[in-house]
Structures are given as structure tokens and as C-alpha cells.
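Chains, contacts and geometry: an overview
Here is how the chains run, residue by residue.
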Amino acid sequence: MSNSVSLSVGEVATRSGLSVSAIHFYESKGLIHSRRNVGNQRRYRRDVLRRLAVIRIAQRTGLPLASIGEALDTLPQARTPTVEDWRRLSRHWRKDLDERIGRLTQLRDQLTGCIGCGCLSLKKCPLRNPSDELGADGSGPRLLDADSL
């Protein structure tokens, strides 16, 4: 690897474990930034590796890229983020993650009875929706929406 302050896209790919195309994708979405050198090649600051790690972790928790982008926009662009910057970013996601945990816990607990029989027709089944009664309220999994928690 080069001893320079900046990294090539190949070096970022190697260090982050991501493909070059994934790095270009994240850049096209404004999640990371590069500059061009005199040879018109992309160069990334070393702190992009931390941003990419945060992006990957956030995606694994199910956070949408838009939410990830909003949080990353709170980080400074002109310097490497500090510990306090990262704390602020994590606080930004805390409420959303707590809500997701609540929905997943509800789903886990409600599915327990249904997994055994697999029919979803028991009158006591919390996911049961006879005659599509919930369809009048809108599309999607109505019983698992955050508003129904």
C-alpha cells in the first residue's frame, strides 16, 4: 500500500473488504467522497474506511441508505470525525433501532405459535387476517407496522 495520505479506490476496496463497484455506489449516493488527482484518479481520505465500516454495520441492522446518509451528513467533512462525532451519530439512530428491535421482538413472539402449525388460520393467531379485513387500512403487513406496537 502507498504511504500517501490518500488511498486509491483499490486500496480502499482491499482495506474495507468491499468491491470497487460498491465503493463507487456509495460515492454516487453521497455517502462517501473522493477527490481526483492530476491523473483524474479517485483518491480517498483514510477516514473513509471508518465511514464504510459504519455504512456496512448500519445496513446489517436494516437501516435504509437514506437514514445512513442523513446521519453521515452530520459528521464533519473537513476533518476526521472525533469520538464525540461518532457518539452523536449513534444517538441519531438509537430511537430507530429501538423501534426496529421492538417490531422484531413482536414478530418473534407472535410467530412462535404459527411456526408450529404453519397454517396461519388459528383464531388465536395474532397475525391472522380473515377475509383481508386489514386491507381496508392500507397495503403491507399492517399488524407489524410501528404504529400498531
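Please refer to the structure placed before this passage.
Residues numbered from 1 in each chain as written. Predicted model: local features only at pLDDT ≥ 70, side-chain atom pairs only at ≥ 80, totals over all residues. Heavy atoms only, no water.

Another point: the overall build of the chain. The number of helices and strands found in the chain is five helices and three strands. Mapped from its N terminus to its C terminus, the chain presents α and β elements in the order β-α-α-β-β-α-α-α. Carbon together with sulfur atoms contributes 53% to the accessible area of the chain, which is approximately 9,600 Å² in total. (Helix = DSSP H or I, 4+ residues; strand = E, 2+ residues; numbered from the N terminus. Areas by Shrake-Rupley, 256 points an atom, 1.4 Å probe, with all protein chains shown as cover.)

Right, let's get into the side chain of aspartate 85. Take aspartate 85: it is sitting in helix H5 (residues 83–117). If we skip the residues at most four places from it in the chain, aspartate 85 touches Leu75, Pro76 and Arg79. (Contact = heavy atoms within 4.5 Å.)

To continue, consider the side chain of arginine 51. Among the secondary structure elements, arginine 51 is positioned in helix H3 (residues 48–60). For the buried residue arginine 51, which engages in no salt bridge, the nearest side chain bearing the opposite charge is aspartate 47, 4.2 Å off. Reaching out from arginine 51, the side chain makes a polar contact with the backbone oxygen of proline 76 at a distance of 2.9 Å. Ignoring any residue separated from it by four or fewer positions in sequence, one finds arginine 51 in contact with Leu31, Ile32, Leu72, Leu75, Pro76, Gln77, Pro81 and Trp86. (Buried < 20%, exposed > 50% of the residue type's maximum accessible area, 1.4 Å probe, protein only. Lys, Arg positive; Asp, Glu negative; His and termini not counted. Salt bridge = Lys/Arg side-chain N within 4 Å of Asp/Glu carboxyl O. Polar contact = N/O pair within 3.5 Å; in protein donor to acceptor, adjacent residues only side chain to side chain.)

Turning to the nonpolar core, a few remarks are in order. Among the nonpolar cores identified, the biggest contains 25 residues, and Ile23 and Leu52 are the most heavily contacted of them. The biggest single contributor to this core is H3, with six residues. Apart from residues no more than four positions distant in its own chain, isoleucine 23 is found in contact with Val9, Val12, Ala13, Ser16, Leu18, Ile32, Tyr44 and Leu52. (Core = buried A, V, L, I, M, F, W, Y, C linked by side-chain atoms within 4.5 Å.)

Now for the sheet that holds strand S1 (residues 6–7). Spatial strand order, S1-S3-S2: three strands in an open sheet with antiparallel pairing. Single-partner strands in this sheet number two, and they are S1 and strand S2 (35–36). (Pairing = 2+ DSSP bridges.)

What follows concerns the pairing of strand S3 (residues 42–45). Regular strands have side chains that alternate between both faces of the sheet. Sheet topology note: the S1/S3 ladder contains two bridges and is antiparallel. In the strand pairing of S3, leucine 7 is matched with tyrosine 44. Note: S2 against S3, two bridges, orientation antiparallel. Paired with arginine 36 across the bridge in S3 is arginine 42. Linking two consecutive strands that pair antiparallel, namely S2 and S3, is a turn of five residues; a positive phi of about 65 degrees is found at asparagine 40 within it.

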